[in-house]
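Results of the structural survey
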Amino acid sequence: MPVIQSAKKQMRQDIKRRARNHPLKSAVKTVMKNALKLMKEGKVEELKKNLPHIYSVIDTALKKHLLHKNTAARKKSRLALALAALEKGGVKAVAGIAAGESK
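As a starting point, this report considers the structure included with it.

Calculation criteria
- Residues numbered from 1 in each chain as written.
- Predicted model: local features only at pLDDT ≥ 70, side-chain atom pairs only at ≥ 80, totals over all residues.
- Heavy atoms only, no water.
- Core = buried A, V, L, I, M, F, W, Y, C linked by side-chain atoms within 4.5 Å.
- Buried < 20%, exposed > 50% of the residue type's maximum accessible area, 1.4 Å probe, protein only.
- Helix = DSSP H or I, 4+ residues; strand = E, 2+ residues; numbered from the N terminus.
- Contact = heavy atoms within 4.5 Å.
- Salt bridge = Lys/Arg side-chain N within 4 Å of Asp/Glu carboxyl O.
- Patch = residues over 30% accessible without salt bridge, like charges linked within 9 Å, V, L, I, M, F, W, Y side chains within 5 Å.
- Areas by Shrake-Rupley, 256 points an atom, 1.4 Å probe, with all protein chains shown as cover.
- Lys, Arg positive; Asp, Glu negative; His and termini not counted.
- Charge placed at Lys NZ, Arg CZ, Asp CG, Glu CD.

Ranked by size, the top nonpolar core spans 20 residues in total, and within it Met-39, Leu-47, Ile-54 and Leu-79 carry the most contacts. Among the elements of the structure, helix 1 (5-41), helix 2 (44-63) and helix 3 (69-89) are those that each provide at least two residues to this core. Top contributing element to this core by residue count: helix 2, with 7 residues. In this structure Ile-54 touches Val-31, Met-32, Ala-35, Leu-47 and Leu-79, once residues within four positions along its chain are discounted.

What follows covers the pattern of salt bridges. In total, this model carries 3 salt bridges according to the counting rule given. Two residues, Lys-76 and Asp-59, come together in a salt bridge whose shortest N-O distance is 2.8 Å. Of this pair, Lys-76 sits in helix 3 while Asp-59 sits in helix 2; the two residues are 17 residues apart in sequence, bridging distant segments of the chain. Since its relative accessible area comes to 32%, Asp-59 is described here as partly exposed.

Now for a positive patch on the surface. A surface patch of positive charge is lined by Lys-8, Lys-9, Arg-12, Lys-16, Arg-17, Arg-20, Lys-63 and Lys-64. By residue number, the principal contributor to the positive patch is helix 1, which donates 6 residues. Mapped onto the fold, Lys-63 is located in helix 2. For Lys-63, a relative accessible area of 69% puts it in the exposed group.

From the geometry alone we can't say anything about function, so treat these as descriptive.
This is the structure we're talking about:
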């Protein structure tokens, strides 16, 4: 527990910020996990339908500075690549892309 007043205030601020940021960070993880699940099941149409929502959640996290701009771009790019691979070659082609492996 901090003794100095400014450290006590900083700790209070950290608690408030953590409470505000946690739901959105969790939402990003959840939509990415659900997208990966849809890819593994080969549900292209459902993934296409959910893609705008997934992009929206990522962009919201970016706007609130919870994700770095390159991280958000990478997540969106990998989703798009995986969707294209899924449409073209099926579930096996998606495995590496969705996991974040290099080409």
